[in-house]
Amino acid sequence: MEKSFAADPLLFDYVAETFVPEDATLKDIRARMQAAHLPAIQVGALDGLHLEVLARACGVRKAVEVGTLGGYSGVCLLRGMAADGVLHTFELDPKHAEVARETFRRAGFGDRAVVHVGPAREQLAGIEPHGPFDLVFIDADKTGYPGYLTWAEQHLRVGGVVLGDNAFLWGSIVKPLPPPEDAEKVPAMRAFNERLARGGRFRATMLPTGEGLAMGVKVR
Ligand SMILES: C[S@@+](CC[C@H](N)C(=O)[O-])C[C@H]1O[C@@H](n2cnc3c(N)ncnc32)[C@H](O)[C@@H]1O
C-alpha cells in the first residue's frame with residue numbers, strides 16, 4: 001500500500017524519484033511482512049525517511065517506539081541514530097515481534113534494537129531506569145496516545161522529541177460523524193493533539209504528512 005502525502009500525485013512522484021525514500025532493505029522488510037501475513041500498516045516510505053532524518057537532526061542515542069509491527073519504522077529510526085544508539089520498541093503481538101527481531105537482525109541492528117512484548121503502557125515502566133530518552137515515537141493503539149504522551153512528558157529529556165503518527169485519524173479527527181469504529185479514538189487523539197499543542201510541556205507542530213505526524217520538542 002502506497003501512502004501519499006500530497007494531493008497532487010505528480011508532486012508525490014517527483015519527491016519519491018528525487019529523494020528515493022525506500023531502498024532494497026526496506027523493500028525486503030515489506031515483502032517479509034507480507035509473506036508473514038502481517039497487516040500492511042507500517043509507515044509510508046516517505047514517513048520512514050522523515051523518521052530517519054528527524055532522528056539524525058536531533059542526535060538521537062536513546063529512542064523509544066510504541067508499536068513495532070515488523071520493524072520497518074524501527075529500522076528507519078535506527079538508521080538516523082548515533083552509531084551506539086539503542087531503540088527500545090514495544091509490541092503487543094508476539095508474532096509481529098518475532099518478525100521485527102528478524103528484521104533488526106538482517107538490517108544489522110540486532111544488538112541495538114530491544115523488542116519488548118506485551119501492552120506498552122505496562123511494559124514501558126521496565127525501561128525507565130535507562131532514561132531520560134531523546135525521542136519517543138508513538139504508532140500503536142490510538143486510544144492509548146494520551147497515556148503514551150504522559151509517559152513521554154515524564155521520560156524525555158528537555159529538548160527531546162515526541163512524534164505521534166496518524167494524528168489525523170484518517171480524517172475522522174474533524175468529521176462531525178466519525179465512523180463507529182473511531183468513536184473512542186477521536187476524543188483520545190483530540191486530547192493527545194491538544195495537550196501536545198497547548199499543555200505547556202512541548203513546543204509542538206503538526207507535520208502535514210498524509211496521515212498527520214504530530215511533533216513536539218519538550219521544553220520543560
Ligand atoms: C501501525 S502498527 C506499527 C507500525 C510500525 N511503527 C511501522 O511503521 O513499521 C501498530 C502496532 O502496534 C501494536 N499495538 C497495538 N496495541 C498495542 C499496545 N497496547 N502495546 C504495544 N503495541 C501495540 C500492533 O500490534 C501493531 O503491530
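All of the points below concern the structure found in this document. All values reported here derive from a predicted model rather than from experimental measurement.

### Observations concerning the overall build of the chain
Counting its regular elements, the chain contains 8 helices and 7 strands. Scaling as 2.2 N^0.38, a compact globule of 220 residues should have a C-alpha radius of gyration of about 17 Å, and the chain matches this with 16 Å. For the chain, the C-alpha atoms occupy an extent of roughly 45 × 40 × 30 Å along the three principal directions. Residues counted as buried form 50% of the 220 residues belonging to the chain. Considering only contacts in the chain between residues 6 or more positions apart, those separated by 24 or more positions represent 68%. In the structure as shown, the chain presents an accessible area of about 10,400 Å², 58% of it carried by carbon and sulfur atoms. Counting 25 positive and 28 negative side-chain charges, the chain places the averaged centre of each group 6 Å from the other.

### Describing the pattern of salt bridges
Within the structure shown, the criterion is met by 12 salt bridges. Two residues, E22 and R30, come together in a salt bridge whose shortest N-O distance is 2.6 Å. Where D134 meets R157, a salt bridge forms, and the shortest distance between an N and an O atom there is 2.6 Å. In this pair, D134 sits in strand β4 (residues 133–138) while R157 sits in strand β5 (residues 156–164), placing the two residues 23 residues apart along the sequence. D134 sits in the buried class, given a relative accessible area of 10%. Linked through salt bridges whose partners overlap, the residues forming this network are D28, E102, R105 and R106.

Rules of the game
Residues numbered from 1 in each chain as written. Predicted model: local features only at pLDDT ≥ 70, side-chain atom pairs only at ≥ 80, totals over all residues. Heavy atoms only, no water. Helix = DSSP H or I, 4+ residues; strand = E, 2+ residues; numbered from the N terminus. Rg over C-alpha atoms; globule rule 2.2 N^0.38 Å. Buried < 20%, exposed > 50% of the residue type's maximum accessible area, 1.4 Å probe, protein only. Contact = heavy atoms within 4.5 Å. Areas by Shrake-Rupley, 256 points an atom, 1.4 Å probe, with all protein chains shown as cover. Lys, Arg positive; Asp, Glu negative; His and termini not counted. Charge placed at Lys NZ, Arg CZ, Asp CG, Glu CD. Salt bridge = Lys/Arg side-chain N within 4 Å of Asp/Glu carboxyl O.

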